[in-house]
Amino acid sequence: MSATMSNTGAAHAASHDHGHHDKTGTVIFGFWIFLMSDLIAFSLMIANYADAEWHGIANGPSPHELFSLGLPTIETMALLISTFTFGICTLGMKYGASMKRTVGWLVLTLALGAIFLGIELYEFHEFWTEGNTPQVSGFLTAYYSLVGLHGLHVTSGIIWGILLMVQMKTFGMNDLIKSRLVRLGLFWHMLDIVWIALFTKVYLMGVL
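Residues numbered from 1 in each chain as written. Predicted model: local features only at pLDDT ≥ 70, side-chain atom pairs only at ≥ 80, totals over all residues. Heavy atoms only, no water.

Description of the side chain of Ser137
Part 1 of the argument: Positionally, Ser137 belongs in the loop between helix H4 (99-129) and helix H5 (138-171).
Part 2 of the argument: Given a relative accessible area of 5%, Ser137 falls into the buried group.
Part 3 of the argument: At 3.2 Å, the side chain of Ser137 and the backbone nitrogen of Leu140 are in polar contact. (Helix = DSSP H or I, 4+ residues; strand = E, 2+ residues; numbered from the N terminus. Buried < 20%, exposed > 50% of the residue type's maximum accessible area, 1.4 Å probe, protein only. Polar contact = N/O pair within 3.5 Å; in protein donor to acceptor, adjacent residues only side chain to side chain.)

Pasting the structure below:
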């Protein structure tokens, strides 16, 4: 009788674990679909920018007149390094690093993201001070929309990371928190890939 109950308990535990992993896999799969839809939205915005770059300058400045590579290059380095630090964060979590170390790498990642945003906002402020507002031309409207959309995504990633750290402190590093950290990592890496495309199209090609 005892053996039967033990087998039943083991089967129930195995079934529970299997169901938990299935649910986690479904959530991650759904998140991949969200990321793909986000990439499609960015692709459309880039296409709109490319069209405005050729046909929407009107009386405003051209990309060559407006942009330089100094600040955008620093932004790019900050975001690339943040992707590296996030990778260390998730690898540490996977291989049993302490929560303190995991949080430390996450804090560093978010700080680099904040540096990226600060430079972007400074650049926007400089453009506006010079009179290069979205109302001046279709090109500037497309520029602010595209780069601003990416900035909003970085902002949401930083807020997400802060909330996640609060949850770590409150609930510890349970499976749900780990799953959320993995999803935030996917989101963050996606933003890095998108920014490389934006930097190349908007700034690098614009200056050259």
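A short note on the packing of helix H3 (residues 70-94) against helix H6 (residues 175-207)
Part 1 of the argument: Where H3 meets H6, the axes come as close as 10 Å, and the angle between the chain directions of the two elements is 160°. Classed by the angle they form, the pair H3 and H6 counts as roughly antiparallel. As for the relative orientation of H3 and H6, their crossing is left-handed in sense.
Part 2 of the argument: When its residues are assigned to classes, the contact of H3 with H6 shows 15 nonpolar, 8 polar and 3 charged. (Axes fitted to C-alpha atoms, helices over the stretch in contact; angles between N-to-C directions. Parallel < 35°, antiparallel > 145°, perpendicular 65-115°, else oblique. Left-handed = near helix turned anticlockwise from the far one by under 90°. Nonpolar A, V, L, I, M, F, W, Y, C, P; charged D, E, K, R; others polar.)

Quick notes on the packing of aromatic side chains
Part 1 of the argument: The full count for this structure, using the stated rule, is 18 aromatic pairs.
Part 2 of the argument: Relative to Phe127, the ring of Phe67 has its centre 6.1 Å away and its plane inclined at 55°; by these criteria the two rings are tilted. Taken together, the positions of Phe67 in the loop between helix H2 (63-66) and H3 and Phe127 in helix H4 put the pair 60 residues apart, joining distant regions of the chain.
Part 3 of the argument: Assessed through its relative accessible area of 6%, Phe67 is described here as buried.
Part 4 of the argument: Using a relative accessible area of 6% as the deciding quantity, one classes Phe127 as buried.
Part 5 of the argument: Between the aromatic rings of Trp195 and Tyr203, the centroid separation amounts to 6.0 Å while the plane-to-plane angle is 45°, which identifies the pairing as tilted.
Part 6 of the argument: With a relative accessible area of 0%, Trp195 lands in the buried category.
Part 7 of the argument: Among the aromatic residues, those joined into a ring-pair cluster are Tyr49, Phe67, Phe116, Phe124, Phe127, Trp128, Phe139, Tyr143, Tyr144, Trp195, Phe199 and Tyr203. (Phe/Tyr/Trp six-rings, centres within 6.5 Å; stacked < 30°, edge-to-face > 60°.)

Topic: the environment of Asn59
Part 1 of the argument: Within the fold, Asn59 resides in the loop between helix H1 (2-55) and H2.
Part 2 of the argument: By relative accessible area, which is 80% here, Asn59 ends up exposed.
Part 3 of the argument: Sequence-wise, Asn59 and Val136 are 77 residues apart; in three dimensions their C-alpha atoms are separated by 7.2 Å.

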